[in-house]
Amino acid sequence: MDENGAAPDVEDSGLHDKLPISGLYENWFLDYASYVILERAVPAIEDGLKPVQRRIMHALNEMDDGRFNKVANVVGSSMQYHPHGDASIYDAIVNIGQKELLFDTQGNWGDIRTGDGAAAARYIEVRLSRFGKDVVFNDDTTEWQLSYDGRKREPITLPVKFPLLLTLGVEGIAVGLSTKILPHNFCELIEASITILQGKEVTIYPDFLTGGLVDVSNYNDGQRGGKVRVRAKIEEEDKKMLVIRDIPFGTTTTSLIESIIKANDAGKIKIKKVVDNTAADVEIQVHLAPGVSPDITMDALYAFTECEVSISPNACIIIAEKPHFVGVTDILKYNTQQTVHLLQRELEIKRLALLEKILYGSLEKIFIENRIYRDIEECETFEAVIRTIDKGLEPYKPQFYREITDDDIVELTEIRIKRISKYDSFKADELMRKWEEDLAETEDNLAHITRFAIEYFRELLKKYGKGRGRRTEIRAFNQIAANIVAANNQKLYVNRAEGFIGYGLKKDEYVMDCSDIDDVIVFRADGRCVVTKVQDKVFVGKDIIHCAVFVKNDERKVYNLVYVDGKTGVSYAKRFQVTAVTRDREYDLTQGTPKSKITYFTANDNGEAEIITVNLQAQSKAKVKQFDYNFADLLIKNRSAMGNILTKYPVRKLTLKSAGRSTLGGVDMWFDPIIGRLNRDERGEYLGNFGPTDNIVVIYKDGSYELTNFDLTNHYEPHEVLLVKKFDTKLPITAIYFDGGQKQHFIKRFNIETSSLDKKFLFISDAKNSKLILASTDIRPRLEIVYPKTAQKEQTADEYLVEEMVDIRGWRAQGNRIPNDKFKDIRWLEPLAVPVEEPEEVPGDDASGAEQSESGADEVADDDNSDEAAGGPAPGEPATGDPANAFPENTVNPEEEADGGEDTGGAEDQDGGEVSKSESKPKKEGKKGSDPKSQLGLFE
């Protein structure tokens, strides 16, 4: 009320004044979301740590005295820097400790395989590991900030000299954002960092502490949209039981057993019971129901339970205080370069410290040996002392790397008389020499920082890499066969002039069958190539000269091309491979000058090298207007190589003269017995080097054999195969089998006489219960038969040389009976070595390199026309001096004659270094490809 007792006017009281809330929720929500993203859930790229993890590491480093600390104490110390509760800190400590890298742990820290949690914080202990101390901390290179309450300082990021984020992996959920980076192998990351520093491309794949199998076909560099499939390792113990040895990442033995029981209850699999015997190692026994196939059950476990899981990575990290979605390869490259930067800073700090040591050591030496300290005895003031010492040092100042300050002189005045009296000039000189050596080494390392970083990584691998090998086996799963079938579910078309490719251009030129998940490589006339994902229709640039499905890391595919440099008009020839590229990035195959263009191009599936005819323009000054050029004389280099000079004169036309043979030799093949597939990735048993006519012989456990080609799409059921070898008509098959009709064991040796492919032939008895026991392709196998212990004698074993037991006969022969059929065990021993026959000397051969000509006369190659003078035979060609593989009439490029003897045919790489033709060494003959003219363009 007012002074008169009346109520105040409502409008005057301000009760109608309201605070507008429009936009407040939006601002508050964005602030909250930004805080959660930056300060809680997503790691920083610099050290790969979330804020809580970084604060834990900092607190442990502050507490570190070499002894274990109670986790409860670590939690308390971390709370000085962390504004949240103790539960999040405890969980983060346990999570880091279970990854067995940064912490040494003591007590019950739980088990990621079984899902058991760690003991309470007051019971378990932790300290920094040696690795953590070495790579994570350095106060001199750390940037600091105040803690949330302003009482302490904490690191903005830790100076980690290692790709820690990719080793540990991370998972976090923020507001409207999440991140999931899978862990990778310690040793492989170090090796990949070294590879990056060497300027090469790298590919890395996940590795899990739980082991198991992983299919990384769709990993997509760990980015959004990628996927990995992880499987448990399942072994067939017997026909009634399967045993699970490893479990997939992200699962536990408990959850996996529950999924098996659920699948059984749903009728998807038939089992009797599941027994968990996990202790030091995982062991889950799956007992099968009567009459159930273990192989079918194994496939069902992968299909319907957690024995196979799919994981979708999502690499999101904080870069410059903003979340970014990047690939793990980019993260690795960033971490590698950051390591180089940190090492450089440490070297610079060390260099400065050494310079200071040398400076002060020199000042001390001058001060004592020149008895400057005696000149200050009569000085009455400290200022006079400083001036006197400064004057005594004056003649020596030019030798120092910086000016001498009063602080330096004050430090000299603090030298005690006792130290002066015991000063040893010799020891001082030795110490100075050591400092100077360290300084020289440090400056050399700074000048070659990349080399120093590589050595740093190698030292890390040597020091900490033991016992950190890959635990998860990378493998293509059986279901991936569907991916191979899908390879022909589309047809690739091209519109060369307009620059479009895709499987939707059905009215344009047909190229080849493809899959809708394939990559396509495109070469254009302007000298550029690009790899892109096949689509319904995509623009890749006009004037397409070649396009095909791109197979990553295909080392058999070799491209031969000739291009004209737009600046000089010089034509260059080159051979190169494209094994790994960044999708949708254009690569220049020329020198990058405007108006450069490709004038000749072939793609060769097996590294074939053809001979072309070069026709120069009539008005050119060259004496020889037409000559042949053999691509076999070129070394295969990378796509960015400049190439060799073909001619300096204008070219009128390039035409194919004759198709060439492969310069790559045969193909090395391996067989992986676990998944029953052939591969070229050195997985499993090495089968040998295969040429175009070679085959594989497969011995099945049912006593049959089969001849197949060595196509990578072949699939051999692992549980049916006993032996897979390269087929050689000279190698006999030795087999030991049980004849179910005669109830006897037989041994037989035979050569394969059939030639039909993909057809099985039974070479043992077809009687019931007959089975193949052993098989071998050794030339001189040895056999050991172990006989059981009896009442009359102890267990004995006899050794037999098989060639003395049975002769080589036809594949239908029964063979000979095994002596004393009542044996306990039978096995192969190391075979005998095959005697090497000395080759007979051919009269007329000598060390001069003479070769017999076709007419039978002995000819000695002269210096001008020998294979050696011509640079050796072309790879894959016999060393006969065949004129079809050399320049006509002599071994000198006719263009050299036209140029007055100037060497224009020498092989040059990008560095300008000349490579002689003799460096092109002959290799094994490989599969002959199709005629390049029929599959690719020839340009005039």
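Residues numbered from 1 in each chain as written. Predicted model: local features only at pLDDT ≥ 70, side-chain atom pairs only at ≥ 80, totals over all residues. Heavy atoms only, no water.

1. Describing the overall build of the protein
At step 1: Counting its regular elements, the protein contains 21 helices and 52 strands.
At step 2: Per-residue burial over the protein gives 45% buried out of 940 residues.
At step 3: Long-range pairs, those at least 24 residues apart, make up 67% of the contacts in the protein with a sequence separation of at least 6.
At step 4: Of the accessible surface of the protein, which amounts to about 49,700 Å², a share of 47% is contributed by carbon and sulfur atoms. (Helix = DSSP H or I, 4+ residues; strand = E, 2+ residues; numbered from the N terminus. Buried < 20%, exposed > 50% of the residue type's maximum accessible area, 1.4 Å probe, protein only. Contact = heavy atoms within 4.5 Å. Areas by Shrake-Rupley, 256 points an atom, 1.4 Å probe, with all protein chains shown as cover.)

2. Concerning the packing of helix 3 (residues 51–63) against helix 5 (residues 86–97)
At step 1: Closest axis-to-axis distance for the helix 3/helix 5 pair is 10 Å, and the angle between their directions is 80°. It follows that helix 3 is roughly perpendicular to helix 5 by the angle criterion. For the pair helix 3 and helix 5, contact is made by Val52, Gln53 and Ile56 and by Ser88, Ile89, Ala92, Ile93, Asn95 and Ile96, respectively.
At step 2: Looking at the contact of helix 3 with helix 5 residue by residue, the classes come out as six nonpolar, three polar and no charged. (Axes fitted to C-alpha atoms, helices over the stretch in contact; angles between N-to-C directions. Parallel < 35°, antiparallel > 145°, perpendicular 65-115°, else oblique. Nonpolar A, V, L, I, M, F, W, Y, C, P; charged D, E, K, R; others polar.)

3. With respect to the sheet that holds strand 11 (residues 241–246)
Picture the strands of a sheet paired through backbone hydrogen bonds; they go either parallel or antiparallel.
At step 1: One open sheet accounts for four strands, arranged 10-11-13-12; its pairing is antiparallel. Each edge of the open sheet carries a strand with a single partner, namely strand 10 (233–238) and strand 12 (271–276). The mean angle between the axes of side-by-side strands here comes to 20°, regardless of whether they run parallel or antiparallel.
At step 2: For strand 12 and strand 13 (residues 284–288), the ladder comprises five bridges, and the chain directions are antiparallel. Within strand 13, the residue paired with Val274 across the bridge is Val286.
At step 3: Across the sheet, helix 9 (residues 253–265) lies against strand 11, strand 12 and strand 13, angled at about 175° from strand 12, the strand it touches most. (Pairing = 2+ DSSP bridges.)

4. Examining the nonpolar core
At step 1: Counting residues in hydrophobic clusters, the biggest one holds 47 residues, and the most contacted among them are Leu102 and Phe103.
At step 2: When residues of this core are assigned to their parent elements, the largest contribution, seven residues, is made by helix 17 (residues 449–464).
At step 3: When neighbours within four sequence positions are excluded, Phe103 is seen to be in contact with Ile56, Met57, Leu60, Ile93, Ile96, Gly97, Val126, Arg127, Leu128 and Ser129.
At step 4: Grouped together as the second largest cluster of nonpolar side chains are 25 residues, Leu165, Leu166, Ile181 and Val202 included. (Core = buried A, V, L, I, M, F, W, Y, C linked by side-chain atoms within 4.5 Å.)

5. Notes on the pairing of strand 34 (residues 667–672)
On any regular strand, side chains alternate: one points to one face of the sheet, the next to the other face.
At step 1: Judged by how many residues are buried, strand 34 sits mostly within the fold: five of six residues are covered.
At step 2: The pairing of strand 34 with strand 36 (residues 685–690) spans five bridges and is classified as antiparallel. In the strand pairing of strand 36, Met669 is matched with Gly688.
At step 3: One ladder, built from three bridges, connects strand 34 with strand 35 (residues 677–679); its direction is antiparallel. Along strand 35, the bridge assignment pairs Asp672 with Arg677.

6. Side note on the sheet that holds strand 1 (residues 69–70)
At step 1: Within the open sheet, the three strands sit side by side as 1-3-2. Their pairing is antiparallel. In the strand order of this sheet, the two ends are held by strand 1 and strand 2 (103–106), each with one partner.
At step 2: Pairing between strand 2 and strand 3 (residues 125–128): four bridges, direction antiparallel. Bridging across to strand 3, Thr105 finds its partner in Val126.
At step 3: Seen against the sheet, helix 3 touches strand 1, strand 2 and strand 3 and runs at an angle of roughly 85° to strand 3.

7. Some words on the environment of Leu678
At step 1: Tracing the backbone through its elements, the reader meets Leu678 in strand 35.
At step 2: Residues Leu678 and Leu712, 34 residues apart in the sequence, show an inter-C-alpha distance of 5.4 Å.

8. Side note on helix 17
At step 1: Over its 16 residues, helix 17 runs 22 Å from end to end, which matches the ideal 22 Å to within 8%, given 1.5 Å per residue.
At step 2: Taken together, the buried positions of helix 17 are Ile449, Ala453, Ile454, Tyr456, Phe457, Leu460 and Tyr464. Looking down the long axis of helix 17, one finds its buried residues gathered within 155° of arc, a one-sided arrangement.
At step 3: Residues of helix 17 that are buried sit in contact with helix 6 (130–136), helix 8 (186–197), helix 11 (328–369) and helix 16 (425–447). (Expected span 1.5 Å × (residues − 1). Arc of directions from axis to C-beta.)

9. Some details on the side chain of Thr253
At step 1: The residue Thr253 is located in helix 9 in this model.
At step 2: Setting aside residues up to four positions removed in sequence, Thr253 forms contacts with Arg113, Thr114, Ile247, Asp276, Thr278, Val282 and Ile284.

10. A short note on the packing of aromatic side chains
At step 1: Per the counting criterion, the structure on display carries 26 aromatic pairs.
At step 2: Aromatic rings pair up to connect Tyr705, Phe750, Phe761, Phe763 and Trp811 into one cluster.
At step 3: Above the ring of Trp144, the side-chain terminus of Arg153 is found at 3.8 Å from the ring centroid.
At step 4: We note Lys574 situated over the ring of Phe576; from NZ or CZ to the ring centre the distance is 5.2 Å. (Phe/Tyr/Trp six-rings, centres within 6.5 Å; stacked < 30°, edge-to-face > 60°. Lys NZ or Arg CZ within 6 Å of the ring centre and 35° of its normal.)

11. Description of the environment of Ala41
At step 1: In this structure, Ala41 sits in helix 2 (residues 24–41).
At step 2: Between the C-alpha atom of Ala41 and that of Pro51, which follows or precedes it by 10 residues, the distance is 8.3 Å.
At step 3: Leave out the neighbours within four places in its chain, and Ala41 touches Val36, Lys50, Gly172, Ile173, Ala174 and Thr179.

12. Considerations on the pairing of strand 29 (residues 611–616)
At step 1: The buried count for strand 29 comes to six of six residues, which makes it a mostly enclosed element.
At step 2: Burial along strand 29 is two-sided: the face carrying Ile611, Thr613 and Asn615 and the face carrying Ile612, Val614 and Leu616 are both buried.
At step 3: Where strand 29 meets strand 30 (residues 626–630), five bridges bridge the pair, whose relative direction is antiparallel. In the strand pairing of strand 30, Val614 is matched with Phe627.
At step 4: One ladder, built from six bridges, connects strand 29 with strand 33 (residues 651–658); its direction is antiparallel. Looking at strand 33, one finds that Val614 is bridged to Leu654.

13. A look at helix 13 (residues 382–393)
At step 1: Look at helix 13: 17 Å from first C-alpha to last across 12 residues, which is about the 16 Å you get at 1.5 Å a residue.
At step 2: Inspection of helix 13 places Ala384, Val385, Ile386, Ile389 and Leu393 among the buried residues, and these make up the whole buried set.
At step 3: Buried residues along helix 13 sit against helix 11, helix 12 (372–375) and helix 14 (406–413).

14. Considering the pattern of salt bridges
At step 1: Overall, the coordinates contain 41 salt bridges when judged by the stated rule.
At step 2: Close ionic contact of Lys463 with Asp134 constitutes a salt bridge, the shortest N to O distance being 3.1 Å. Placement of the pair is Lys463 in helix 17 and Asp134 in helix 6, with a sequence separation of 329 residues.
At step 3: Taking the relative accessible area as the measure of exposure, Lys463 reaches 43% and is therefore partly exposed.
At step 4: Assessed through its relative accessible area of 35%, Asp134 is described here as partly exposed.
At step 5: In this structure, the salt-bridge partner of Lys557 is Asp605, at a minimum N-O distance of 2.6 Å. Taken together, the residues span a long stretch of sequence, with Lys557 in the loop between strand 24 (544–550) and strand 25 (558–564) and Asp605 in the loop between strand 28 (597–604) and strand 29 at a distance of 48 residues. (Salt bridge = Lys/Arg side-chain N within 4 Å of Asp/Glu carboxyl O.)

15. What about the side chain of Arg575?
At step 1: Within the fold, Arg575 resides in strand 26 (residues 571–577).
At step 2: The buried charged residue Arg575 lacks any salt bridge partner; its closest oppositely charged side chain belongs to Glu610, at an N-O distance of 6.6 Å.
At step 3: Reaching out from Arg575, the side chain makes a polar contact with the side chain of Asn560 at a distance of 3.0 Å.
At step 4: Here the side chain of Arg575 touches Gly607 through a polar contact of 3.0 Å, landing on its backbone oxygen. (Lys, Arg positive; Asp, Glu negative; His and termini not counted. Polar contact = N/O pair within 3.5 Å; in protein donor to acceptor, adjacent residues only side chain to side chain.)

16. Section: the confidence of the model for the protein
Low-pLDDT stretches of the model should not have their predicted coordinates read in fine detail.
At step 1: For the protein, per-residue confidence averages 79 on the pLDDT scale, and 83% of positions sit at 70 or higher.
At step 2: In the model, residues 1–8 has pLDDT below 50 throughout and makes three contacts with residues more than four positions away in sequence or in other chains.
At step 3: In this model residues 479–488 is a low-confidence stretch, pLDDT under 50, and it forms 18 contacts with partners more than four residues away in sequence or in other chains. (pLDDT = per-residue confidence, 0-100.)

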